[in-house]
Amino acid sequence: SLKCFEKAQTIAPQNLDRLCQMAEIHAELGHDEASDDILVKVEDIDPDSDRVDESKAKIALGKGDTDTAKGILGSLKDVEKIISYMNNRAIALARCKMIQEGIDEYLKTLESIPDDKQQIRAVVHYNLALAYIRSGNIEAAKGQLETAIPLMSEPLKQRTEPLLAKIHSALKRGASLQIE
């Protein structure tokens, strides 16, 4: 995909979104210098772009630099995009039978969420609980849901409480719990 982006870049070199995507791909590949160079170009084109900060947050999260990511996320207007990105990444890992890697993504995401974003934190705890269930660790799933419920909106609570009841029942019986 990077080669396609680079070809498109020769045609329209000022496309901020594509440049940011290229920086993110380079970072994923471990090409930190190329990633940084592209982000500098984007900042020169549009110094006030939230898209650059979103890319920087994604790159920091990918590297496990949760302090930097948290600082960036605290300054963004729309944190939900980044959290959604991390959630989708963790789901993709879980679907590829890389459940522990998905769990690690959720844990990094939790560390990066600004303190004033409790609803978002609740959703990530919920998704982390689902990942723990898939991994067979229903005790950890229980802990995540119990942490999340006080932070949740009422509709999410209504979805979560029956799941927590199933977990309590499975733990009481010493049984496993399967979800789709």
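Each remark here, short or long, concerns the structure printed above.
Values in this document were obtained by computation on a predicted structure and should not be read as measured data.

Our next topic: unusual backbone geometry. Even without being glycine, Lys97 reaches a positive phi, approximately 65°. Its location among the elements puts Lys97 in the loop between α6 (80-95) and α7 (99-112).

Put simply, helix α2 (residues 16-28) and helix α4 (residues 50-63) touch, their axes get as near as 10 Å, and they point 10° apart. With respect to each other, α2 and α4 are oriented roughly parallel. Classified by chirality, the crossing of α4 by α2 is right-handed. Between α2, through Asp17, Cys20, Gln21, Ala23, Glu24 and Ala27, and α4, the contact on the second element is made entirely by Arg51, Val52, Ser55, Lys58 and Ile59. Classifying every residue of the contact of α2 with α4 by side-chain character gives 5 nonpolar, 2 polar and 4 charged.

Relative to the helices and strands, Ser112 resides in helix α7. Here Lys108 takes part through its backbone oxygen, which lies 2.9 Å from a polar atom of the side chain of Ser112. The contacts of Ser112, once residues within four sequence positions are left out, are Leu61, Thr66, Ala69, Lys70 and Leu73.

Here we come to the packing of aromatic side chains. Taken as a whole and assessed by the stated rule, the structure comprises 0 aromatic pairs. Between the NZ or CZ atom of Lys58 and the centre of the ring of Tyr85, over which it lies, the distance is 4.5 Å.

With that settled, the discussion passes to the nonpolar core. If you look at the biggest cluster of nonpolar residues, it comprises 39 residues, and the most contacted ones within it are Leu73, Ile83, Ile133, Leu145, Met152, Leu163 and Ile167. Residue assignment for this core shows that the elements contributing at least two residues are α4, α5 (66-75), α6, α7, α8 (118-135), α9 (138-148) and α10 (154-173). Of the residues forming this core, the biggest block, 10 residues, is contributed by α8. Here Met152 is in contact with Gln119, Ala122, Tyr126, Lys157 and Thr160, once residues within four sequence places are set aside. The next biggest cluster of nonpolar side chains, apart from the first, holds 11 residues, and it includes Met22, Ala23, Ile38 and Val52.

About the cut-offs
- For every chain, the first residue of its written sequence is number 1, and the numbers climb from 1 along that sequence.
- Residues qualify for local features only when their pLDDT is at least 70, as the model is predicted, and side-chain atom pairs are given and counted only at 80 or more; totals for whole chains, interfaces and linings, by contrast, use all residues.
- The basis for every side-chain value is the complete set of non-hydrogen atoms in the structure, without hydrogens or water.
- Numbering of helices and strands runs from the N terminus; a helix is a DSSP stretch of H or I covering at least four residues, while a strand is a stretch of E covering at least two.
- Axis geometry follows a simple rule: fit a line to the C-alpha atoms, using only the stretch in contact for helices, then measure angles between N-to-C directions, giving values from 0 to 180 degrees.
- The scheme is simple: roughly parallel for angles under 35 degrees, roughly antiparallel for over 145, roughly perpendicular for 65 to 115, oblique for anything else.
- Left-handed describes a crossing whose near helix is turned anticlockwise from the far helix by less than a right angle; the clockwise case is right-handed.
- The contact criterion used is simple: two residues touch if any of their non-hydrogen atoms lie within 4.5 Å.
- Ten residue types, Ala, Val, Leu, Ile, Met, Phe, Trp, Tyr, Cys and Pro, are classed as nonpolar, four, Asp, Glu, Lys and Arg, as charged, and the remainder, Gly among them, as polar.
- Nitrogen and oxygen atoms within 3.5 Å of one another constitute a polar contact, given that in protein one can donate a hydrogen and the other can accept it, and given that sequence-neighbouring residues count only through two side-chain atoms.
- We call Phe, Tyr and Trp rings a pair once their centres come within 6.5 Å, taking the six-membered ring for Trp, and we label the pair stacked below 30 degrees between planes, edge-to-face above 60, and tilted otherwise.
- Ring-over charges, as used throughout, are those where CZ of Arg or NZ of Lys falls within 6 Å of the ring centre and within 35 degrees of the ring normal.
- Here the nonpolar core consists of buried residues drawn from Ala, Val, Leu, Ile, Met, Phe, Trp, Tyr and Cys, with membership extended through side-chain atoms lying within 4.5 Å.
- Burial here depends on accessible area, computed with a 1.4 Å probe over protein chains only, as a share of the maximum for the residue type. Under 20% is buried, over 50% is exposed, and the range in between is partly exposed.

Everything listed is a geometric property; what it means functionally is a separate question.
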